[in-house]
Amino acid sequence: MKTPYEYRAQAREVLQNRWGDAAIAAAVIFVLTSICSLPSLSNSWLGHIGTLLTLLLIPVSYSFSISLLKATRQDEEKLLEGTLSTAKKMYSNLFVAGLLSTLIISVLSVLTLGIAGVIFAYAYRMVPYLMHDYPELTPREALKVSREMMKGHKLDLFVLDITFIGWILLSILTLGIGMLFVTPYMQVASALFYDDLRAKTIVEEEKV
């Protein structure tokens with residue numbers, strides 16, 4: 001596995017000529033999520049509708065992650081187009097996987113004051129990538145494989161995420177606009193981390 005700074009450097013290379021493309025896709029997803037989240041601010045029945053709409057967008061977020069994974073593999077498809085196409089093609093499986101992981105993380109967060117929720121959030125980070133690379137996996141199987149892959153590597157991914165804090169703080173100064181660039185930057189680094197982890201896992205399984 002590479003160091004966080006090596007993943008970041010590699011991510012910049014992937015996005016070198018695609019920052020605008022990535023920012024547009026991130027902006028569309030942000031707008032959709034914001035619109036769907038608005039009813040959640042209400043304490044009435046609208047709040048439940050907002051929560052439902054937000055859950056229904058999980059496949060779109062997962063599909064964006066998948067599109068960025070494909071970009072690391074030199075796929076030239078437009079990221080927004082690829083995101084929407086993947087969401088349409090894999091919607092039901094991505095929705096079930098996202099719903100299951102969200103429920104598990106939420107319940108564990110409540111029971112352990114957030115500690116287990118964070119741990120399982122990292123345990124399930126590989127789910128969208130796995131569902132793309134191994135379409136035969138059911139949502140439950142994808143969650144299980146992701147947990148197994150991330151054993152002993154959750155801290156590594158956490159440290160990688162931490163190295164982006166400076167960029168996130170700078171984005172706050174731009175009223176969040178900078179996150180349109182930081183989000184794909186982080187996700188490409190995460191996708192590169194997945195590819196290395198998958199290769200490492202395959203090699204270890206072959207040795208057994």
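What this report covers is the structure whose coordinates are included nearby. Every chain's residues receive numbers from 1 upward, in the order its sequence appears when written. Reporting of local features is limited, given that this is a predicted model, to residues whose pLDDT is at least 70; pairs of side-chain atoms are given and counted only at 80 or more, and all residues count toward the totals for whole chains, interfaces and linings. Hydrogen atoms and water are omitted, and side-chain values are computed over all heavy atoms in the structure.

Things to note about the environment of Thr33
Line of reasoning, step 1. Mapped onto the fold, Thr33 is located in helix 2 (residues 19–37).
Line of reasoning, step 2. Spatially, the C-alpha atom of Thr33 lies 9.7 Å from that of Gly50, the residues being 17 residues apart in sequence.
Line of reasoning, step 3. Looking at Thr33, its side chain comes within polar contact range of the main-chain oxygen of Ile29, at 2.8 Å. The numbering of helices and of strands both runs from the N terminus, where a helix is a DSSP run of H or I of at least 4 residues and a strand a run of E of at least 2. For the purposes of these results, a polar contact is taken to be a pair of N or O atoms within 3.5 Å, where, inside protein, one atom must be able to donate a hydrogen and its partner to accept one; residues adjacent in sequence count only when each atom of the pair is a side-chain atom.

Thoughts on empty space enclosed by the protein
Line of reasoning, step 1. Of the grid points, spaced at 1 Å and generated over the protein atoms alone, those admitting a 1.4 Å probe that cannot get out make up cavities, while open sets with protein on both sides within 12 Å along at least five of seven lines make up pockets; any residue with an atom within 4 Å of a point is treated as lining. Grid points are joined across faces, edges and corners, and a volume is the space filled by probe spheres set on the points. Counted under the stated rule, the structure contains one cavity of 30 Å³ or more.
Line of reasoning, step 2. What the largest cavity holds in volume is close to 40 Å³.
Line of reasoning, step 3. Forming the walls of the largest cavity are Arg18, Ser67, Lys70, Ala71, Asp75, Glu77, Lys78, Leu79 and Gly82.
Line of reasoning, step 4. For the lining of the largest cavity, the secondary-structure elements that each account for two or more residues are helix 4 (58–72) and helix 5 (79–111).
Line of reasoning, step 5. Ranked by residue count, the leading element in the lining of the largest cavity is helix 4, at three residues.
Line of reasoning, step 6. Each residue receives one of three labels: charged for Asp, Glu, Lys and Arg, nonpolar for Ala, Val, Leu, Ile, Met, Phe, Trp, Tyr, Cys and Pro, and polar for the others, Gly being one of them. Grouping the amino acids of the lining of the largest cavity by side-chain chemistry returns two nonpolar, two polar and five charged.

Observations regarding the pattern of salt bridges
Line of reasoning, step 1. Within this document, salt bridges are pairs made up of a side-chain nitrogen of Lys or Arg and a carboxyl oxygen of Asp or Glu, the two lying within 4 Å of each other. One pass over the full model with this rule turns up eight salt bridges.
Line of reasoning, step 2. The closest approach of N and O atoms between Lys2 and Asp196, which form a salt bridge, is 2.7 Å. Placement of the pair is Lys2 in the segment before helix 1 (4–15) and Asp196 in helix 11 (residues 179–207), with a sequence separation of 194 residues.
Line of reasoning, step 3. Categorising residues by exposure relies on relative accessible area from a 1.4 Å probe, with only protein chains included: less than 20% of the type maximum marks a residue as buried, more than 50% marks it as exposed, and the intermediate range marks it as partly exposed. A relative accessible area of 23% places Asp196 in the partly exposed class.
Line of reasoning, step 4. Notably, a salt bridge pairs Arg73 with Asp133, separated by 2.8 Å at the nearest N-O pair. Of this pair, Arg73 sits in the loop between helix 4 and helix 5 while Asp133 sits in helix 7 (residues 127–133); the two residues are 60 residues apart in sequence, bridging distant segments of the chain.
Line of reasoning, step 5. According to the relative accessible area criterion, Arg73 is partly exposed, its value standing at 32%.

Describing unusual backbone geometry
Line of reasoning, step 1. Of note, the phi angle at Gln74 is positive, near 70 degrees, even though the residue is not glycine.
Line of reasoning, step 2. Given a relative accessible area of 69%, Gln74 falls into the exposed group.
Line of reasoning, step 3. Of note in this structure, Leu175 is not a glycine but carries a positive phi near 60 degrees.
Line of reasoning, step 4. Taking relative accessible area as the criterion, Leu175 reaches 79% and is therefore assigned exposed.

Here's the deal with the layout of surface pockets
Line of reasoning, step 1. A volume near 870 Å³ is recorded for the largest pocket.
Line of reasoning, step 2. Considering the residues around the largest pocket, the lining is formed by 28 residues, among which Ser61, Phe64, Ser65, Thr183 and Gln187 are closest to the centre.
Line of reasoning, step 3. Counting only elements with at least two residues in the lining of the largest pocket, the list comes to helix 2, helix 4, helix 5, helix 7 and helix 11.
Line of reasoning, step 4. If one sorts the elements of the lining of the largest pocket by residue count, helix 11 sits on top with six residues.
Line of reasoning, step 5. In terms of residue class, the lining of the largest pocket is made up of 17 nonpolar, nine polar and two charged.
Line of reasoning, step 6. In this model, the second largest pocket occupies a volume close to 250 Å³.
Line of reasoning, step 7. At the level of secondary structure, the elements contributing two or more residues to the lining of the second largest pocket comprise helix 5 and helix 7.
Line of reasoning, step 8. Taken together, the residues of the lining of the second largest pocket break down into six nonpolar, five polar and two charged.

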